[in-house]
Amino acid sequence: EMKSGPKDFLHINDFDKETILKIINRASEVKALLKSGDRSFLPFKGKTMAMIFAKPSMRTRVSFETGFFLLGGHAIYLGPDDIQMGKREETRDVARVLSRYNDILMARVFSHQVRWFVAFFDIPMAHVISHAQPLMRSHEITWMDQNPTQTGNASCDDHPSFAEGRGNFELDFSSEAPLILHIAEVGHMYVAAKGDACYRREDILDLAAYSSVPVINGLTDYNHPCQIMADALTIIEHIGQLEGAKVVYVGDGNNIVHSWLLLASVVPFHFVCACPKGFEPDEKTVEKARSAGVSKIEITDGPKEAVKGADVVYSDVWASMGQKEEASYRKQKFQGFQIDEALMEIAGPKAYFMHCLPTERGVEVTNGVIEAPNSIVFPQAENRMHAQNAIMLHLLGL
Ligand code: CP
Ligand code: NVA
């Protein structure tokens, strides 16, 4: 088959509707073949895949490794302590080395794009970003401290005066320019530069840019495209088609939501995200999905109204990987957003329940909802392998 679209699978909307539906269709075909017990289809024979994990995983690791093996290939698992991309070695070097050994790379990392991590300890929040080099002036800096009540954006020209607080700060920007930030506090000037207390974190866009072989996004803090491809396959299997379906996500406006939004900018359906104020998905991504003009997209803080008439009610953890220390804070903020039997009752009899898993039963969803007959979380998990097999076949032009 002739391959179309970009070399990597990083965001669903990098591909057109035809290609996305073709991949999903291929997933069904290869799934049927594997389910029949046929093991003669070995398109990945003689091929190897390196799988980079900076975070834990069950589904992603096992489904990729198993799927690649079942179709004839060999997959290598690299855990968080192995190559330490962006820490032990720069991402661009990892990319160029691994693509000389492997035919394809899969990565689960924290950062989606270049991100500098600067550890400042015991600096009062009020004095954090007082000045930046002219080089940096046009770039937006996202700052974040450990207290989740205080997050936001500040351009370098700003002199934000924040409430008192101390902690670590993450500076997000996509510039290749050297980072020289003057972090001033009363009686103390802190200058962070690359190679100093400031280092470049692992990020998937860099990995893909420097890799000569296809790179697949196995989840970043920004999105999780393989999951939503598997979810689309699952919806098609249960409802007949995704087009026109009403999918209502209830919970945190996180990486899962971003992938739903990016799918909605390619394939038409009705997507609703019900999340507490302050936990909305990334504004630019919502805007991108809306301006694509393909799907009806709603962001609301009213889960009860949102779920009415849903074909799918979807949930995910309230505290994602990397946010676990915020779990109890988030539990308070997400009161009223748990998917329970009463909410599924409002959704109506045709509503399926979906969850990317892992789940914290009794937090974002009740045990009863997960175990109910209309819960399709396990077929959904199973489809990770089939969706990914089809993604890999597409990227390898097979
Ligand atoms: N849904 C999902 O990606 O699961 P893992 O974190 O176990 O890979
Ligand atoms: N939002 C979750 C998804 C896990 C598959 C996380 O990032 O941890």
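Sequence positions are assigned chain by chain, starting from 1 and proceeding in written order. Each chain is given a letter, starting from A, and each ligand a number, starting from 1, according to the order in which they appear as written. Totals for whole chains, interfaces and linings use all residues, but because this is a predicted model, local features are given only for residues with pLDDT of at least 70 and pairs of side-chain atoms are given and counted only at 80 or more. The side-chain values count all of the structure's non-hydrogen atoms but skip hydrogen atoms and water molecules.

Peer 1: For this particular structure, what's the right way to read the overall build of the protein chain?
Peer 2: In this text, helices come from DSSP runs of H or I with a minimum length of four residues, and strands from runs of E with a minimum of two, each type numbered from the N-terminal end. If you tally the helices and strands in the protein chain, you get 12 helices and 17 strands. The buried label applies to any residue whose accessible area, calculated with a 1.4 Å probe on protein chains only, is under 20% of its type's maximum; exposed applies above 50%, and partly exposed to all values in between. By residue count, 53% of the 398 residues in the protein chain fall in the buried class. For the protein chain, the proportion of contacts with a sequence separation of at least 24, taken over those separated by at least 6, is 80%. All accessibility values rest on the Shrake-Rupley procedure with a 1.4 Å probe; residue burial counts only the protein chains present in the view. For the protein chain, the exposed area adds up to about 16,900 Å²; of that, 52% sits on carbon and sulfur atoms. Two residues qualify as a contact provided that any one of their heavy atoms is within 4.5 Å of a heavy atom in the partner residue.

Peer 1: It is not clear to me how helix 2 (residues 59-70) should be interpreted in this structure. Could you clarify?
Peer 2: Since the α-helix turns once every 3.6 residues, residues separated by three or four places project in the same direction. Multiplying 1.5 Å by the residue count of a helix minus one yields the expected span of that helix. The end-to-end C-alpha distance of helix 2, which contains 12 residues, comes to 16 Å, matching closely the 16 Å that a straight helix rising 1.5 Å per residue would cover. Buried within helix 2 we find Arg59, Thr60, Ser63, Phe64, Gly67, Phe68 and Leu70. Buried residues of helix 2, viewed axially, fall in a sector of 160°; they line one side. Count one or two residues on from helix 2 and you reach Gly72, which has phi positive near 100°. In this context, the arc is that of the directions from the helix axis out to the C-beta atoms.

Peer 1: Would you explain the UniProt feature "domain: Aspartate/ornithine carbamoyltransferase Asp/Orn-binding" (unreviewed entry) in the protein chain in this entry?
Peer 2: The UniProt record annotates "domain: Aspartate/ornithine carbamoyltransferase Asp/Orn-binding" (unreviewed entry) at residues 243-394. Helix makes up 40% of residues 243-394 and strand 15%. Its end C-alpha atoms lie 22 Å apart. UniProt positions are given in the numbering used here, feature names are shortened, and annotations may be inferred rather than shown by experiment.

Peer 1: What's the story with the layout of surface pockets in this structure? I'm lost.
Peer 2: Vacant regions in the atomic arrangement are exposed by a probe of water-molecule size rolled over the atoms. We place a 1 Å grid over just the protein atoms. Points where a 1.4 Å probe fits but has no way out form a cavity, open points with protein on both sides within 12 Å along at least 5 of 7 lines form a pocket, and any residue with an atom within 4 Å of a point lines it. Grid points are joined across faces, edges and corners, and a volume is the space filled by probe spheres set on the points. Considered as a void within the structure, the second largest pocket measures approximately 340 Å³ in volume. If you trace the second largest pocket, you find 25 residues lining it, with Asp316, Val317, Met321, Leu357 and Pro358 closest to the centre. Only helix 2 and helix 6 (255-264) provide two or more residues apiece to the lining of the second largest pocket. Throughout this entry, Asp, Glu, Lys and Arg are counted as charged residues, while Ala, Val, Leu, Ile, Met, Phe, Trp, Tyr, Cys and Pro are counted as nonpolar. The remaining residues, Gly among them, count as polar. Of the residues assigned to the lining of the second largest pocket, the class counts are 10 nonpolar, seven polar and eight charged.

Peer 1: Just to check I follow, could you spell out the pairing of strand 16 (residues 312-315) for this structure?
Peer 2: Side-chain positions along a regular strand alternate between the two faces of the sheet. Side chains Val312 and Tyr314 of strand 16 all project onto a buried face; the interleaved residues Val313 and Ser315 project onto the opposite face, where all are buried too. Direction of pairing for strand 13 (residues 246-250) relative to strand 16: parallel, over a ladder of four bridges. Note that in strand 16 the partner of Tyr249 across the bridge is Tyr314. Strand pairing follows a simple DSSP-based rule, namely that at least 2 bridges must link the two strands. Two elements, strand 16 and strand 17 (residues 352-355), share four bridges in a ladder whose sense is parallel. Bridging from a neighbouring strand, Tyr314 pairs with Met354 of strand 17.

Peer 1: What is the right way to look at the packing of helix 1 (residues 17-35) against helix 5 (residues 225-239) in this model?
Peer 2: How two helices pack is summed up by the angle between their axes together with the distance between the axes. Every axis corresponds to a line fitted to the C-alpha atoms, with the helix fit spanning only the stretch in contact, and the corresponding angles, defined between N-to-C directions, vary from 0 to 180 degrees. Where helix 1 contacts helix 5, the two axes come as close as 10 Å, and the packing angle between them is 70°. The orientation of helix 1 relative to helix 5 falls into the category roughly perpendicular. Note that helix 1 runs across helix 5; the crossing there is right-handed. Facing Ile20, Ile23, Ile24, Ala27, Ser28 and Lys31 of helix 1, the residues of helix 5 in contact are Met229, Ala232, Leu233, Ile236 and Glu237. In terms of residue class, the contact of helix 1 with helix 5 is built from eight nonpolar, one polar and two charged. To sort the angles, those under 35 degrees are grouped as roughly parallel, those over 145 as roughly antiparallel, those from 65 to 115 as roughly perpendicular, and the leftovers as oblique. By the definition used in this description, the sense in which the near helix is turned from the far one sets the handedness, with an anticlockwise turn below a right angle giving left-handed and a clockwise turn giving right-handed.

Peer 1: It is not clear to me how the site of ligand 1 should be interpreted in this structure. Could you clarify?
Peer 2: Every residue close to ligand 1 is listed here: Ser57, Met58, Arg59, Thr60, Arg108, His224, Gln227, Cys356, Leu357 and Arg384. A 3.5 Å cut-off defines polar contacts: any pair of N or O atoms within that distance qualifies, except that in protein one atom must be a possible hydrogen donor and the other a possible acceptor, and neighbouring residues in sequence count only when both atoms are side-chain atoms. At a separation of 2.6 Å, an oxygen atom of ligand 1 approaches a polar backbone atom of Met58. Within the side chain of Arg384, an N or O atom sits 2.9 Å from an oxygen atom of ligand 1. The protein chains hide 96% of the 260 Å² of surface that ligand 1 would expose on its own. Think of it this way: a molecule belongs to a cavity or pocket when more than half its atoms come within 2 Å of the grid points there. Spatially, ligand 1 is embedded in the second largest pocket. Looking at the shell around ligand 1 residue by residue, the classes come out as three nonpolar, four polar and three charged. Working definition: residue near molecule or strand if any one of its non-hydrogen atoms lies within 4 Å of it.

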